[in-house]
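# Analysis of the macromolecular model
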Amino acid sequence: MSQNKIGVDQWVEQYDQRVNKAKGLQGFIARMSQRLPPWGWLIVLVAVGALLPVITQNNFAIRIAGNIALMGTLALGLNVVVGYAGLLDLGFVAFYGIGAYTYAYLSSDFSGVHLPTWVSLPIIIVISALFGLVLGSPSLRLLGDYLAIVTLGFGQIFVQLMTSLTRVSLPGHERPVDLTGGPNGIINLDKLSLFGFTARTVTDHYLILLVVLAVALLVIYHLNRSRIGRAWRALR
């Protein structure tokens, strides 16, 4: 009977044991994947992802791959909260929506404001962090199902507000004002432009999402191996 490794979940250790006992081609591939260092996986991810626009020019396929990269990035962030820290957050995606709507307000015809991308991104980070602080402060002493209920309520409230705030009466306006674009959202946003690169096509957006995914993987990997990562596991 093996002893549990410090800082390793029992399920993870059992999975490692199953991989070591697996036979055939599947077991060989699983063992080789475990031996590949994290930076090796990162290189494989970026290399395979970068080859997609070379293999196909089909915008639909590239758009699907971009959505996969986007969802992968969101999953990495969710894994920090739910996986590493063990906090059941069911309203995580609302912060993604907050960032999206903030960019729409700062860089689109909807609000008439057209800030450069390099100005909008820091503002988005600050505003999202402030919302996290507002939600996190009253939730500090909540655990388990109670934390899940609060975060679930936050996520549902956000969705309802964003789809319903289309006829809001504001002081100084005779007619109701559309604040969110309703279920259709806000369209015709300004193009992303950073370091002289402007995203104009589906492939450009896909490459940006691929780079963001790779950077998120690298940052979270090193954070998990630092004192911050040990604090996450202590919370769990």
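Not measured: the values here are computed from a predicted model.

## Regarding helix α7 (residues 144-164)
With 21 residues, α7 should cover 30 Å at 1.5 Å per step; its first-to-last C-alpha distance of 30 Å lies within 8% of that length. In the core, the buried residues of α7 are packed alongside α5 (92-106) and α6 (117-136).

## Some details on the packing of aromatic side chains
Evaluation of the coordinates by the stated rule reveals five aromatic pairs. Pairing F95 with F154 gives two aromatic rings, centres 5.3 Å apart and planes at 40°, and the pair type is tilted. In this pair, F95 is assigned in helix α5 and F154 in helix α7, connecting sequence segments 59 residues apart. Given a relative accessible area of 17%, F154 falls into the buried group. Between Y105 and F110, the ring centres sit 6.3 Å apart and the planes meet at 35°, which makes this aromatic pair tilted.

## Some words on a nonpolar patch on the surface
Taken together, the side chains of L78, V82, L88, L90 and L152 present a nonpolar region at the surface, about 360 Å² in accessible area. Relative to the helices and strands, L90 is located in the loop between α4 (59-84) and α5. L90 gets classed as partly exposed once you look at its relative accessible area, which sits at 43%.

## Focus on the environment of T102
Along the polypeptide, T102 turns up in helix α5. On the basis of relative accessible area, T102 is assigned to the buried category, the value being 10%. Taking the C-alpha atoms as reference points, T102 and S128, separated by 26 residues in sequence, lie 8.8 Å from one another. The residues touching T102, leaving out its near neighbours within four places in the chain, are I124 and I127.

Scoring rules and cut-offs
Residues numbered from 1 in each chain as written. Predicted model: local features only at pLDDT ≥ 70, side-chain atom pairs only at ≥ 80, totals over all residues. Heavy atoms only, no water. Helix = DSSP H or I, 4+ residues; strand = E, 2+ residues; numbered from the N terminus. Expected span 1.5 Å × (residues − 1). Contact = heavy atoms within 4.5 Å. Phe/Tyr/Trp six-rings, centres within 6.5 Å; stacked < 30°, edge-to-face > 60°. Buried < 20%, exposed > 50% of the residue type's maximum accessible area, 1.4 Å probe, protein only. Patch = residues over 30% accessible without salt bridge, like charges linked within 9 Å, V, L, I, M, F, W, Y side chains within 5 Å. Areas by Shrake-Rupley, 256 points an atom, 1.4 Å probe, with all protein chains shown as cover. Salt bridge = Lys/Arg side-chain N within 4 Å of Asp/Glu carboxyl O.

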